[in-house]
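Residue-level structure breakdown
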Amino acid sequence: MSVEERDPHSGYMTTGHEWNGIKELNTPVPRAVFFFLIVTALIAVVYWILMPAWPLGTTYTKGLLGIDQRTSVAEALKQAEVDRAAWVDRIETADFAEIQGDPKLMAFVRETGHALFGDKCSVCHGREAKGGKGFPNLTTTSWLWGGDPAAIAETIRVGINSAHPNTRTSQMLAFGRDGMISPDDVGNVVAYVLSLSNPSAPDAPADKVAAGKAVFAANCVSCHGDDGKGKTDVGAPNLTDKVWIYGGDLQSIYDTVWNGRQGHMPTWESRLSAVDRKILALYLVDLRTPEQ
């Protein structure tokens, strides 16, 4: 049986427990602890009354304020749509040049266009719009069907070789595979085409380039032009720059001439509004790097 004892230093009673000469004091719980426990309990009760809190089978207590995350998000989205509508109306009624000359409108175009592109276009053209093999780099000035905003918006609308009745249609013929020109002529014209963008290429000797120029004049100028710079009215690429969809090395050009190419871009008319297509076109022009 323990004997009650008062600690001479603190004045508190001991519990009678002792460890290695150290006696346990019977210290009371500080009043501040009780105070904060009571305040916490009161806050909890008030919160349960004011806010949605308790599940009730298929429903829950709504709270006197009727506030929850769903209604908060819905209100935020509603307000965002109202704010966005004002900008959308301005973009819808303004022409491309007017929008490009307005810094505030272009700020909206960059923000909204970035989201649209990431959601709809990046799977093919990449997050930075620089494309990849078989998919064009959209940050350059080299465009198959024209790179001004109106032309880009139309391409987005109808697509290329798509199911749209007004689709842009183009195809690179399989000159080698289908026997349209001889294998020697294929090799020569490939050397000539390589020389257009890389005159010093070791794979483009002068004799083959000269022979290939004649083959090019007989078979290719109707689409690519006498100077090889392409024609936007038929979607034929410029062969004199450094921008290539399928690769500009000797083997890639050979594969293109031999087997042909037929790219595809879906129509977005039924999936994007006219305003969204306009925003995307302006966004792509804004990404352009003129040096390319």
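Anything mentioned here points back to the structure above.
For the structure given in this document, a descriptive report is provided here.

Cut-offs applied
Residues numbered from 1 in each chain as written. Predicted model: local features only at pLDDT ≥ 70, side-chain atom pairs only at ≥ 80, totals over all residues. Heavy atoms only, no water. Phe/Tyr/Trp six-rings, centres within 6.5 Å; stacked < 30°, edge-to-face > 60°. Buried < 20%, exposed > 50% of the residue type's maximum accessible area, 1.4 Å probe, protein only. Helix = DSSP H or I, 4+ residues; strand = E, 2+ residues; numbered from the N terminus. Lys NZ or Arg CZ within 6 Å of the ring centre and 35° of its normal. Salt bridge = Lys/Arg side-chain N within 4 Å of Asp/Glu carboxyl O. Pairing = 2+ DSSP bridges.

Let's shift gears to the packing of aromatic side chains. The final tally for this structure, using the stated rule, is six aromatic pairs. A ring pair is formed by Phe 35 and Phe 36, whose centres lie 5.3 Å apart and whose planes are at 75°; its orientation type is edge-to-face. Owing to a relative accessible area of 49%, Phe 35 belongs among the partly exposed residues under this scheme. Here Phe 36 falls in the exposed class, since its relative accessible area comes to 53%. Consider the rings of Trp 87 and Phe 108, whose centres lie 5.9 Å apart with planes at 10°: the pair is stacked. Residue Trp 87 is found in helix α2 (residues 69-93), and its partner Phe 108 is found in helix α4 (residues 103-120); the two are separated by 21 residues along the sequence. For Trp 87, a relative accessible area of 28% puts it in the partly exposed group. Classification of Phe 108 as buried rests on a relative accessible area of 11%. Taking the ring centre of Tyr 60 as reference, the NZ or CZ of Lys 62 above it sits at 3.8 Å. Geometry around Trp 268 places Arg 271 over its ring, the cationic atom sitting 4.2 Å from the centre.

Before going further, it helps to examine the pattern of salt bridges. What the rule picks out here adds up to eight salt bridges. Residue Asp 102 pairs with Arg 90 through a salt bridge whose shortest N-O separation is 2.9 Å. Residue Asp 102 is found in the loop between α3 (96-100) and α4, and its partner Arg 90 is found in helix α2; the two are separated by twelve residues along the sequence. By relative accessible area, which is 18% here, Asp 102 ends up buried. Given the relative accessible area of 37%, Arg 90 is considered partly exposed. Where Glu 269 meets Arg 157, a salt bridge forms, and the shortest distance between an N and an O atom there is 2.9 Å. Taken together, the residues Glu 269 in the loop between α10 (250-259) and α11 (274-287) and Arg 157 in helix α6 (residues 149-158) connect sequence positions 112 residues apart.

Our next topic: the environment of Lys 104. For Lys 104, the position within the fold is in helix α4. Residues Lys 104 and Trp 87, spaced 17 residues apart in sequence, show a C-alpha to C-alpha distance of 9.3 Å.

On to the pairing of strand β2 (residues 22-25). Across three bridges, strand β1 (residues 14-19) lies against β2 in antiparallel orientation. Following the sheet pairing, Trp 19 is matched in β2 by Ile 22. Here β1 folds back onto β2 in antiparallel fashion, the turn holding two residues, of which Asn 20 has a positive phi close to 50°.

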